[in-house]
Amino acid sequence: MIRDKTFKVHVSTDKKIDGFHNLKQDPWEEKNLLDTELDEAQKAALAKFQVIVNSLPDKDARPLYEPRAPNRWDRKANSGGKKKH
């Protein structure tokens with residue numbers, strides 16, 4: 001995932017953007033903007049993210065995950081689904 005203050009993209013393992021969300025208008029990321037007609041601001045943001053995605057390496061140089069110690073603000077995952085708002 002890559003994000004800025006307004007938008008967030010989900011990037012697949014084959015370096016394709018498969019999710020695009022406006023975090024200010026849709027904080028729960030329920031509407032994938034790739035399924036809609038994008039306005040000029042959205043097109044510009046998506047293009048900016050695509051440049052970043054294109055610069056990513058094709059292969060992860062360090063693919064092994066090394067667990068870190070938990071932070072004091074970490075919480076256990078809620079298995080009950082999305083929070084109601």
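K.L.:
Help me understand the packing of aromatic side chains in this model?
P.N.:
Each aromatic ring pair is described using two quantities: the centre-to-centre distance and the angle formed by the ring planes. Applying the stated criterion to the full structure yields 1 aromatic pair. When the ring of Phe7 is compared with that of Phe20, the centres are 5.1 Å apart and the planes differ by 25°; the resulting orientation is stacked. Here the residue Phe7 occupies a position in strand E2 (residues 7–11), and Phe20 occupies one in strand E3 (residues 17–22), the gap between them amounting to 13 residues. According to the relative accessible area criterion, Phe20 is buried, its value standing at 0%. Positioned over the ring face of Phe49 is Lys48, at 5.2 Å from the centre of the ring.

K.L.:
Sorry if this is basic, but what is going on with the pattern of salt bridges here?
P.N.:
Per the stated rule, a full pass over the model turns up 4 salt bridges. Between Asp58 and Lys15 there is a salt bridge whose closest N-O contact spans 3.1 Å. One end of the pair, Asp58, is in the segment after helix H1 (40–55); the other, Lys15, is in the loop between E2 and E3, with 43 residues separating them in the sequence. On the basis of relative accessible area, Asp58 is assigned to the exposed category, the value being 72%. The exposure class of Lys15 is partly exposed, given its relative accessible area of 22%.

About the criteria used
Residues numbered from 1 in each chain as written. Predicted model: local features only at pLDDT ≥ 70, side-chain atom pairs only at ≥ 80, totals over all residues. Heavy atoms only, no water. Phe/Tyr/Trp six-rings, centres within 6.5 Å; stacked < 30°, edge-to-face > 60°. Helix = DSSP H or I, 4+ residues; strand = E, 2+ residues; numbered from the N terminus. Buried < 20%, exposed > 50% of the residue type's maximum accessible area, 1.4 Å probe, protein only. Lys NZ or Arg CZ within 6 Å of the ring centre and 35° of its normal. Salt bridge = Lys/Arg side-chain N within 4 Å of Asp/Glu carboxyl O.

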